[in-house]
Amino acid sequence: MADQERLEVSEAEVAVHWQEEDYYYPPVEFIAQANMTDAGIYERFSLENFPECFKEYADLLDWYQYWHTTLDTSDAPCWKWFVGGKINACYNCVDRHLPRYRNKAALIFVPEPEEEPHVAITYQELYVRVNEVAALLRDFVGLKTGDRVTIHMPMVPELPIMMLACARLGVIHSVVFAGFSGQACGERIADSGSHILVTMDGYYRNGQLLDHKVKADEALKAAQELGQTVDKVLVWRRHRGQYASQAPMVEGRDYFMDDLLANYGGQRVEPVKMPAEAPLFLMYTSGTTGKPKAAQHSTGGYLSYVAGTSKYVQDIHPEDVYWCMADIGWITGHSYIVYGPLAIAATSVLYEGVPTYPDAGRPWRIAERLNVNIFHTAPTAIRMLRKVGPEEPKKYNYQFKHMTTVGEPIEPEVWKWYYEVVGKGKAVIVDTWWQTETGGFLCSTMPALHPMKPGSTGPGVPGIHPVIYDEEGNEIPAGSGKAGNICIRNPWPGAFQTIWGDRDRYVATYYAKYCKNKESKDWRDWPYLTGDAAMQAADGYYRILGRIDDVINVAGHRLGTKELESACLLVPEVAEASVVPRVDELRGRVPDVYISLKPGYAPSQEIKDAVVKSIEDTIGKIARPKNVYIVPDMPKTRSGKIMRRVLAALSNNQQDVGDVTTLVNPEVVEEIRQMVQGS
Ligand code: WTA
């Protein structure tokens, strides 16, 4: 089993173990205004009340028609929620708020250039623009319910507008993070079977107007090579009427959205009444094999779950100003910038650029100016802001009531800076643990109900029942101090439905390991494998240790080591490549690349550069390795297997690399150590 052989060094194995920290209690001012102060919610969402309990979340939405079956398990483990229900996600995020909130900001766009004014888009304006885009998609592009559209766009308001317009028509959107390369985008176009690509000419990042449309041409070429033809490319312009890209517009294929929209002024499109279990979107993520996989998310279940968790875990009220600094191109942005917040009539802030541009005070100036009171970001951003501007938050007159951290484990030191300096000791913090596949939060404290514990995520959120299994499938009890594989016992409405077009991979990856009976239609037999290692303290709080599979979480971005290794092997001189996680002060983990060369080639800087470039071209700059080491040979077992464990130990400055007696070439370890550790 090649895949199993690879599970020999994982993030979890290089995890840092922190001590148990003391509790911090939520401020009374927070509790006094919180959406959820009733500890009875855990009773209501207990397994005895499963699955009907989730009606409480579904009832936050407007349904055209109620469901007849809350949870249909007949196609286990492809769970169907709210079957028979009819709903439209766009209607729920836009239209239904008009009577009360027509003139309230739905989105506030903050451009990266500080001299460019903010743009507030009211619910009325959002309604108008989404309708016009939906009319264009239907009448000009010819999109129909169930079609897929790939959207490769940066953090601009046109991105959520595009998503909502798709949702209005029942068209399945697949948003690809703008930082991904054209090649990576093309693979996702092909996998999803999109005939349409939506992109933008350029966007600002770190003070530069980047050329983004150029990636569209690379993407189309890559998709074509995989047999997928794209008929139309819709191009938004960052500045209306001005084209910021060097890439030519292709006649009959590429269209400027601002030109086209002139024909759709004032048009309205009836929202399509979608079955609850119709797919709403695809979100690609990395896994054990090189091929990215798309998590397929539902309409009714997903929207119910993100609405419920936005209301109770994020504690968003319509009068709050909520800013999640993630990118919409990732699941956090889908669930907690767009769908969750808009479903509950929030004002959601969208920031185009990097947090430290032009200086480390930027986020706090934005918070002060917009009166942001709920702030949501990732440990990697917190570490960066702490490093470059530890005193900056003190200079600005803002006050958060609530702050979220997501995406990676947060070091207690960093947590405390977040709490004391960013939150000024007055904001509650939730450390939310979840995944692309899970649609919404799995573990977190409930902000008004639990004390916080730095470095720990908290218990399962209402309706989520985690369990930690050892390799044999025995439950590891709370407080035992032992780590294991964290799973979820039960399905929940936010969970993805399958991997797009690959049910077998879905079952194999997420359910096969601990399934009690493959024939069973009972959800109790199908615990969901998250792919993370965790331990549970005696108080029930979980601490996440990192991935147990071949995934590296770099600055909150999930990268498959296989994808990185494949990119290295595209360099002609490279014979073998091995990628391991290295602990990094700012980015959490970073990839370290080890390559060996084909006979007849000598190590050179050019080869290292070519490896880095190949990774950037095939995946994107986010995947750039920390180091590329050209080794004389890989440490290998007698059966020829590369011992990543040894390489990971060296990358992480460990003196003890473990047992090397099974290696055919133990002497190479010392050579590599000198190269990596320098002594
Ligand atoms: C990790 C992001 C520790 C974890 C929402 C998970 C976390 C992977 C946390 C999913 C957290 C996410 N503490 N680790 N609070 N949140 N992770 O799919 O390893 O991009 O499996 O979803 O990030 O990453 P993904």
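For clarity, every value in this text was computed on a predicted model and none was experimentally measured.

J.: Which parts of the structure should I look at to understand the overall build of the protein?
T.: A count of helical and extended segments in the protein gives 21 helices and 30 strands. Compactness check: the protein gives a C-alpha radius of gyration of 24 Å against a globular reference of 26 Å for 679 residues, within 12% of the reference. The principal-axis extent of the C-alpha atoms belonging to the protein is close to 75 × 60 × 60 Å. Out of the 679 residues belonging to the protein, those deemed buried represent 64%. The long-range share in the protein, meaning contacts at least 24 apart out of those at least 6 apart in sequence, stands at 72%.

J.: For this particular structure, what's the right way to read the environment of leucine 159?
T.: Tracing the sequence through the fold places leucine 159 in helix α8 (residues 158–169). What makes leucine 159 buried here is its relative accessible area of 0%. If near-sequence neighbours (up to four positions away) are discounted, leucine 159 is found in contact with Ile151, Met153, Pro154, Val175 and Ile328.

J.: Explain the packing of aromatic side chains here, please?
T.: Here a ring pair, both rings aromatic, is described through the centre-centre distance and the interplanar angle of the planes. One pass over the full model with this rule turns up 51 aromatic pairs. An angle of 55 degrees between the planes, with centres 5.7 Å apart, marks the rings of tryptophan 81 and phenylalanine 82 as tilted. A single burial state applies to tryptophan 81 and to phenylalanine 82, both of which are buried. Relative to tryptophan 526, the ring of tyrosine 511 lies with its centre 6.1 Å away and its plane at 75 degrees, an arrangement referred to as edge-to-face. Of the two residues, tyrosine 511 sits in the loop between α17 (503–510) and β24 (528–536) while tryptophan 526 sits in the loop between α17 and β24, which places them 15 residues apart along the sequence. Assessed through its relative accessible area of 4%, tyrosine 511 is described here as buried. Ring pairing ties together the aromatic residues Phe45, Phe50, Phe54, Tyr57, Trp63, Tyr66, Trp67, Trp81, Phe82, Tyr305, Tyr312 and Trp523, which thus form one cluster. Residue placement shows arginine 237 over the ring face of phenylalanine 256; its charged tip is 3.5 Å from the ring centre. Lysine 424 extends its terminal NZ or CZ atom over the ring of tyrosine 398, reaching a point 3.8 Å from the ring centre.

J.: Can you help me understand the confidence of the model for the protein in this one?
T.: With 99% of its residues at a pLDDT of at least 70, the protein reaches an overall mean of 95. Taking the mean pLDDT of every element in the protein, the minimum, 42, falls on helix α1 (residues 2–6) and the maximum, 99, on helix α5 (residues 89–93). Counting interchain partners and residues more than four positions distant, the pLDDT-below-50 stretch residues 1–7 has 12 contacts.

J.: Would you mind going over the site of the ligand with me for this structure?
T.: The ligand sits among 17 residues. The nearest are Asp431, Thr432, Thr436, Asp532 and Arg558. Within the backbone of glycine 407, a nitrogen or oxygen atom sits 3.0 Å from a nitrogen atom of the ligand. One of the backbone N or O atoms of threonine 432 is found 2.7 Å from a nitrogen atom in the ligand. Within the complex, 97% of the 520 Å² of free accessible area of the ligand lies under protein.

J.: Please clarify how the sheet that holds β24 should be interpreted in this entry.
T.: Paired through their backbone hydrogen bonds, the strands of a sheet run either parallel or antiparallel. The strand order across the open sheet built from four strands is β21-β22-β24-β25, with neighbouring strands paired in antiparallel fashion. Every interior strand has two partners, whereas the edge strands, β21 (466–469) and β25 (542–547), have only one. Neighbour-to-neighbour, the strand axes of the sheet open up by a mean angle of 45 degrees, direction not taken into account.

J.: Just checking my understanding: could you explain the nonpolar core for this structure?
T.: Looking at soluble globular proteins, one finds that nonpolar side chains tend to be buried together. Judged by nonpolar contacts, the single largest core of 124 residues is most densely connected at Phe54, Leu126, Leu137, Ile151, Leu234 and Tyr339. At 11 residues, the largest contribution of residues to this core is made by helix α7 (residues 123–141). By size, the runner-up hydrophobic cluster in this structure holds 39 residues, among which are Ala184, Ala219, Leu564 and Ile622.

J.: Before we go on, may I ask you to explain unusual backbone geometry in this structure?
T.: Negative phi values dominate among residues other than glycine, just as trans dominates among peptide bonds. Note that the residue after phenylalanine 50, namely proline 51, is joined by a cis bond; omega there is 0 degrees. Of note, the amide linkage connecting alanine 76 to proline 77 takes the cis form, showing an omega dihedral of 0 degrees. For proline 77, the location among the structural elements is in the loop between β1 (69–72) and β2 (80–83). Of note, the phi angle at lysine 424 is positive, near 55 degrees, even though the residue is not glycine. Tracing the sequence through the fold places lysine 424 in the loop between α16 (412–422) and β20 (428–432).

J.: Sorry if this is basic, but what is going on with empty space enclosed by the protein here?
T.: Sizing a probe to match a water molecule and rolling it over the atoms shows the empty space that remains. This structure, assessed with the given rule, holds seven cavities of 30 Å³ or more. Taken as a whole, the largest cavity holds about 70 Å³ of empty space. Around the largest cavity, the lining residues are Trp79, Lys80, Trp81, Ala276, Glu277, Ser298, Gly301, Trp492, Pro493, Ala495, Phe496 and Gln497.

J.: Help me understand the pattern of salt bridges, please; the structure alone is not making it clear to me.
T.: Close approach of charged atoms allows side chains with opposite charge to pair. Evaluation of the coordinates by the stated rule reveals 46 salt bridges. For arginine 253, the salt bridge is made with aspartate 217, and the minimal N-O distance between the two is 2.7 Å. Of this pair, arginine 253 sits in the loop between β11 (232–236) and β12 (254–256) while aspartate 217 sits in helix α10 (residues 213–225); the two residues are 36 residues apart in sequence, bridging distant segments of the chain. Taking the relative accessible area as the measure of exposure, arginine 253 reaches 18% and is therefore buried.

J.: Is there a simple way to think about the packing of helix α15 (residues 379–388) against α16 in this case?
T.: Two measures define how a pair of helices packs: the angle their axes make with one another and the distance between the axes. Running from amino to carboxyl end, α15 crosses α16 at an angle of 70 degrees, the nearest separation of the two axes being 10 Å. With respect to their mutual orientation, α15 and α16 come out roughly perpendicular. Contacts from Ile382, Arg383, Leu385 and Arg386 in α15 reach Glu413, Val414, Trp417 and Tyr418 in α16.

J.: What am I meant to see in helix α20 (residues 644–651) here?
T.: At 3.6 residues per turn, the α-helix brings residues three or four places apart onto the same side. Burial analysis of α20 places seven of its eight residues in the buried class, which makes it a mostly covered element. Every buried residue belonging to α20 is among Arg644, Val646, Leu647, Ala648, Ala649, Leu650 and Ser651, and all of these are buried. At the C-terminal side of α20, asparagine 653 shows a positive phi close to 60 degrees.

J.: In this structure, what is going on with the pairing of strand β18 (residues 374–377)? I would like to understand it.
T.: On a regular strand, one side chain projects to one face of the sheet and the next to the other, so that they alternate. Side chains of β18 alternate between two faces, with Ile374 and His376 and Phe375 and Thr377 buried alike. In this structure, strand β16 (residues 321–324) lies alongside β18, joined through three bridges in parallel fashion. Directly across from tyrosine 322, in β18, lies its bridge partner isoleucine 374. Inspection of the sheet shows β18 paired to strand β19 (residues 402–406) by four bridges, in the parallel sense. Its bridge partner being in β19, threonine 377 is matched across the sheet by threonine 405. The parallel pair β18 and β19, bridged by α15, forms a crossover whose chirality is right-handed.

How each quantity is defined
Residues numbered from 1 in each chain as written. Predicted model: local features only at pLDDT ≥ 70, side-chain atom pairs only at ≥ 80, totals over all residues. Heavy atoms only, no water. Helix = DSSP H or I, 4+ residues; strand = E, 2+ residues; numbered from the N terminus. Rg over C-alpha atoms; globule rule 2.2 N^0.38 Å. Buried < 20%, exposed > 50% of the residue type's maximum accessible area, 1.4 Å probe, protein only. Contact = heavy atoms within 4.5 Å. Phe/Tyr/Trp six-rings, centres within 6.5 Å; stacked < 30°, edge-to-face > 60°. Lys NZ or Arg CZ within 6 Å of the ring centre and 35° of its normal. pLDDT = per-residue confidence, 0-100. Near = heavy atom within 4 Å. Polar contact = N/O pair within 3.5 Å; in protein donor to acceptor, adjacent residues only side chain to side chain. Areas by Shrake-Rupley, 256 points an atom, 1.4 Å probe, with all protein chains shown as cover. Pairing = 2+ DSSP bridges. Axes fitted to C-alpha atoms, helices over the stretch in contact; angles between N-to-C directions. Core = buried A, V, L, I, M, F, W, Y, C linked by side-chain atoms within 4.5 Å. 1 Å grid on protein atoms, 1.4 Å probe; cavity = no way out; pocket = protein on both sides within 12 Å on 5 of 7 lines; lining within 4 Å. Points joined across faces, edges and corners; volume = space filled by probe spheres on them. Salt bridge = Lys/Arg side-chain N within 4 Å of Asp/Glu carboxyl O. Parallel < 35°, antiparallel > 145°, perpendicular 65-115°, else oblique. Right-handed = clockwise from strand over helix to strand, strands pointing away.

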